[in-house]
Structure formats: C-alpha cells, structure tokens
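Understanding the architecture of this molecule
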Amino acid sequence: MAVALAQDNPSGNFLQPFLLPPALRDLIGMPSEQSTTTVEVPSPLSDVPKPSGTTIEDTLTRERGFEVAYHALADRHGANATPAGRTMSRKVWLDVGADAAKWLINRLRAEQHPETIFGIAETITELGTVALPIVLAELERYEAKQEYAVLVEALAWMTPPQQPLLMSRIAGVIDRYLASPHIDCQVAAAQLTRILNNDDAARTRLEVAKRRAGPRLREEIEDLLNERFGE
Amino acid sequence: MFQRLLTRLKRTLCLQQQRKEFQPDSFVRLAKVQRWQHEGNGNTSTVEKAVADLKLRPGEKALSLYRLRKEGEIGELACVYSLTLRDNPAHFEYVLFPASVLSGYRVDPVSVPEHPRLLSERHHEIPDPSEEELLRLAERIFGSPGKKVGRITRRQIVDFAVQHSLLETEELRDRIGHTWRKLIEKKKGIP
C-alpha cells in the first residue's frame, strides 16, 4: 500500500488531512490536525457519496484519498502479500464505513481489471454489516446485472445478519439472480445461499435451481449441497 | 446420484484432455474466462474484450505472468495463488498459452520474495508494455492454437489443499486466509 502511494503521489502535498480517517492519515504520513475551512459549496462529484456538512475541499480531499487506496486494492506485494497485511490495508475503508461501500460500488460499475474487482469484493465483505444494506439496496434497484455478480458473491462470505428483514431481502436477491439468464449471476446466487441460516430455505432454492441448471451451475449446486448437507 | 457420477466422469475426461494438450513451456495470465472464449471467429470486438485482462492497473509497471514447465502445475499454482493471495474463496480463471506466443517480447523472470516460493519462482514480467503491444499480445494469444482458457473451481482448490495438507505446511499455514481455512477444515471434518 505504501509503495503504491509513493508511486502515485511522491510529494503527498495534495493530500490534506481534512476528513481523512486516522488510518489513511497514518498511511500517507500526514499530521492529524483538522481543516478550518467552512465554506459550503455544492459538490461537482454527484456520484461520490458526500457526508452532510462537508465542503467541496473536504470532498475532493477524501476523493483523492480513496483513489490512492483504490489503486492498492489489487496489490498483492509487500505488506499486502499476507491476509493480515491486506486487512491492515483495508482499514482505510473500514474507518470510512458506509460511504466507502457506496464509493466502491460506484467504481465497480466501470472496473475491468480482474484483481481490482476481487479487491473491491473482498473489501465489501470485510465491511460486513456496514456494507450489507447498501449492497442490498443497490442490487434491488436493478434487474440482475452481470457486473454485480461479484457483489452478490461478496455477500456470501459475510457473517449472516440477525435481522429477519435483511435475511428476507437477501433471499429476494438470491431469487432474482438465480432467475437471471447470465451464468455468473446464477452461480453467485447459488453461492449466496451460504448466508441463509435456514437450511430448508437454502436447500429448496438450490434444488429448484438444479432442476433447470446447465452443467456449470449444476456442478456448483452439487458442491454446495455436498458441503452443507454432505449429499 | 447418476448425475454426480456423470459430473465426476466429465471432470476426469476434461483433466485428461487438458493433459494431452499441455505444452511443456507455457505462460499463464489470470483472466476472466468469458473474455477469452471465442464468439465467432476471433473478431476484433472479442479481442478488445480480452485485452482488458492484460491492461495494467494505475501504478503498475509491468505485465505479470506465470511460467509453467510441467503439466499439472496450473492446478498447484492456482491453489497456492488463490489460498494465499485472495481472501474470498473464488474460482481461479486463467488463460494459458505457449511460450512461443511471446517471441519478440522481452520477458524477465522477476521473483517476488514475499510470495510463496512456487509463485515467486514462476513469476515473470513484460516490462513497461505499451497499449499497442498489449493489444497485439491479446491478438496473438487469441489466435494461438495452443491457447487454453480454464477455471479451477473453489472445490478443486479446497480438495488440493486437503490432499496436500497445505494448512500444515510451514510456508503456507500463516498465509491462508480464515475463510479458505474454514472451508478446508470443514472438508477435513474439523469442527
């Protein structure tokens, strides 16, 4: 992560510490004082989540901070070569929370690099309960989209939520993506049944899908049934 | 039951087919399978999709590839890569092509000391390739009769880890993320 930062921003001058979380401040070696800028100006970055009460300068600074951290998402060198190192690197996103999830989903729409896509998914998974309602809302906004299959899979590795409403929304996403004509969506939906803590609900969905599945989905479902039920 | 037997038989046949076609000096690039599967006769739009797998990330200085010398190494490489460098269990998708595809390109062996030995030893780079060079490389890979596009499944990765006791090996045990670890332990029947 630090290597990527040094390459992208050797001087580090443009990264002011206004709204950066502590982990990002540490990462870029900036002092932790706060900005005194208070002028309210509408943000030109309509797609980027902007917390209320922030200035355009704050938003731009945070956007630059996100960019730096984003380029490191697919980096598997140096400290990021181990799971513990990657978790440390993702602290930048975890400190920001819900807005980080929104920002990452926004970037995922256009991202093409396979390892960066994995990096986004892993970060969403690690954001866990903070990201879950945001991801669900995004998935519910549209018909099943192939580029969102990775988001569906990211949910599969989260800790199951306790709230029945969230669980029922997850079940709705599974049904929507299983019904998609895209194989990646179907496979991701089958994987998402992992998070259903109701065995019957998971089994029923998998068995219904298996009846009309092609070879790849069938294999995926058989593996899941084997893993969960020993069948 | 019959379907499961059929699936296993297909997997075995597929592996045998892969072994027959393997060329002893090949390179692998991590990729998305769907971008490399032919739609028609390798038309330009498909090559344009495939080149997305060769593009460098901002700040990246070279194109990473892994060199394979023996058949069966792709499975081992996929497992070690996935288990140690990916935190969410996922299939490993790749495009494999004969070394001859890279004739005329500078390809350097570049070890990555912080990675497991297998990955470090097999890692190669094409330094500072231009967009044009990457597009030409995508075209060459696409047109190569020795090209193979494959997917090592999550289950194959877990099975490999169980069969080779990877959780117990000194080099890998602390590098395998906790979600993979849970899947491997479950497969081994560890509660």
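Please refer to the structure placed before this passage.
As a starting point, this report considers the structure included with it. Since the structure is predicted, the reported quantities are computational estimates derived from the model, not experimental observations.

1. Focus: the overall build of chain B
Tallying secondary structure elements over chain B gives eight helices and six strands in all. Ordered by position from N to C terminus, the α and β elements of chain B give α-β-α-α-β-α-β-β-α-β-α-β-α-α. The proportion of buried residues among the 191 residues of chain B is 49%. Across chain B, the fraction of contacts at a sequence separation of at least 24, relative to all contacts at a separation of at least 6, is 76%. Accessible area of chain B: about 9700 Å², with a carbon and sulfur share of 51%.

2. As for the pairing of strand β5 (residues 123–127) of chain B
All names here are of chain B. Bridge count for strand β2 (residues 62–68) against β5 is five bridges, and the pairing is antiparallel. Each residue of the ladder has a partner; that of L63, found in β5, is I126. Bridge count for strand β4 (residues 108–109) against β5 is two bridges, and the pairing is antiparallel. Bridged to P109 within β5 is H124.

3. What about the interface of chain B and chain A?
Taken together, the contact pairs 41 residues of chain B with 38 residues of chain A. A buried area of about 3300 Å², summed over both sides, lies between chain B and chain A, and 45% of it is on carbon and sulfur atoms. Per-residue buried area on chain B facing chain A is highest for B:R57, B:D87 and B:N88; these three make up 18% of the total on that side. At the junction of chain B with chain A, the criterion picks out six salt bridges. A salt bridge links A:E153 to B:R154; its shortest N-O distance comes to 3.0 Å. At the surface where chain B touches chain A, the tally comes to 17 residue pairs in polar contact (both at pLDDT 80 or more).

4. Focus: the nonpolar core
Nonpolar side chains in soluble globular proteins tend to end up buried together. If you look at the biggest cluster of nonpolar residues, it comprises 87 residues, and the most contacted ones within it are A:W93, A:I124, A:L139, A:I170, A:Y177, A:L192 and B:F92. Formed jointly, this core draws a minimum of three residues from each of two domains, domain 1 (1–130) and domain 2 (148–231) of chain A. Contact partners of A:Y177, with chain neighbours within four places excluded, come to A:L139, A:E143, A:A144, A:K145, A:Y148, A:V152, A:C185, A:Q186 and A:A189. One finds B:V51, B:L65, B:V101 and B:L102 within the second-largest nonpolar core, a separate group that totals 20 residues.

Here is what the cut-offs are and how they apply
- Residues numbered from 1 in each chain as written.
- Chains lettered and ligands numbered in written order.
- Predicted model: local features only at pLDDT ≥ 70, side-chain atom pairs only at ≥ 80, totals over all residues.
- Heavy atoms only, no water.
- Helix = DSSP H or I, 4+ residues; strand = E, 2+ residues; numbered from the N terminus.
- Buried < 20%, exposed > 50% of the residue type's maximum accessible area, 1.4 Å probe, protein only.
- Contact = heavy atoms within 4.5 Å.
- Areas by Shrake-Rupley, 256 points an atom, 1.4 Å probe, with all protein chains shown as cover.
- Pairing = 2+ DSSP bridges.
- Buried area = accessible area lost by both parts, 1.4 Å probe.
- Salt bridge = Lys/Arg side-chain N within 4 Å of Asp/Glu carboxyl O.
- Polar contact = N/O pair within 3.5 Å; in protein donor to acceptor, adjacent residues only side chain to side chain.
- Core = buried A, V, L, I, M, F, W, Y, C linked by side-chain atoms within 4.5 Å.
- Domains from an automatic or database assignment.

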